[in-house]
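Chain by chain, the residues run as shown.
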Amino acid sequence: MILPVYKVRFSSQIATHLQLAIDYYDELVPGLGEKFLVEFEMRILAISQNPYASAIRYDDVRFALIKKFHYAIHYFINEEQREIIAFALYSTYTDPETHWKKFTEK
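Residues numbered from 1 in each chain as written. Predicted model: local features only at pLDDT ≥ 70, side-chain atom pairs only at ≥ 80, totals over all residues. Heavy atoms only, no water.

A. Representation of the sheet that holds strand β4 (residues 71-78) in the model. Read from one edge to the other, the open sheet built from five strands follows the order β1-β5-β4-β3-β2, with strand pairing classed as mixed. Strand pairing shows two members of the sheet lacking a second neighbour, β1 (7-10) and β2 (56-58), which therefore form its edges. Neighbouring strand axes in the sheet, compared pairwise and without regard to direction, differ in orientation by 45° on average. Across five bridges, strand β3 (residues 61-66) lies against β4 in antiparallel orientation. Looking at the pairing, A64 lines up with I73 of β4. Sheet strands touched by helix α1 (residues 12-28): β1, β4 and β5 (83-91). Its angle to β5, the strand with the most contacts, is close to 40°. On top of the sheet, helix α2 (residues 32-49) reaches β1, β3, β4 and β5; it is set at about 140° to β3, its chief contact. (Pairing = 2+ DSSP bridges. Helix = DSSP H or I, 4+ residues; strand = E, 2+ residues; numbered from the N terminus. Axes fitted to C-alpha atoms, helices over the stretch in contact; angles between N-to-C directions. Contact = heavy atoms within 4.5 Å.)

B. The arrangement of unusual backbone geometry in detail. The residue H70 is not glycine, and still its phi comes out positive at about 55°. Mapping H70 onto the fold places it in the loop between β3 and β4. Even without a glycine there, the phi angle at R82 is positive, about 50°. You can see R82 is positioned in the loop between β4 and β5. With a relative accessible area of 37%, R82 lands in the partly exposed category. (Buried < 20%, exposed > 50% of the residue type's maximum accessible area, 1.4 Å probe, protein only.)

C. Expanded view of a nonpolar patch on the surface. Side chains of Y24, L28 and V29 sit close together on the surface and give an oily, nonpolar patch of about 290 Å² of accessible area. Within the secondary structure, Y24 is located in helix α1. For Y24, a relative accessible area of 43% translates into the label partly exposed. (Patch = residues over 30% accessible without salt bridge, like charges linked within 9 Å, V, L, I, M, F, W, Y side chains within 5 Å. Areas by Shrake-Rupley, 256 points an atom, 1.4 Å probe, with all protein chains shown as cover. Salt bridge = Lys/Arg side-chain N within 4 Å of Asp/Glu carboxyl O.)

Here is the structure:
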């Protein structure tokens, strides 16, 4: 068993995004949401073992692709506490300009 090097903390926002993605895939094909969840968990484990493997995309935020499902986990690293903060899960088909405006206008 491989243990994570960094602790991973999730925002409530990513929990919502994860459930929406699971529901979406289950509507397409029953059981596909579970496969998505497994791929998500495997990617989180990989991030925890090597958080610097993903490039910085904006500010100090990195994102790790879940390639089979075209989603990206957005996270940043708190090196002092050896912690990964995963705060968003977005489809790579999402228009970032439209998506970010939706959250900043509230």
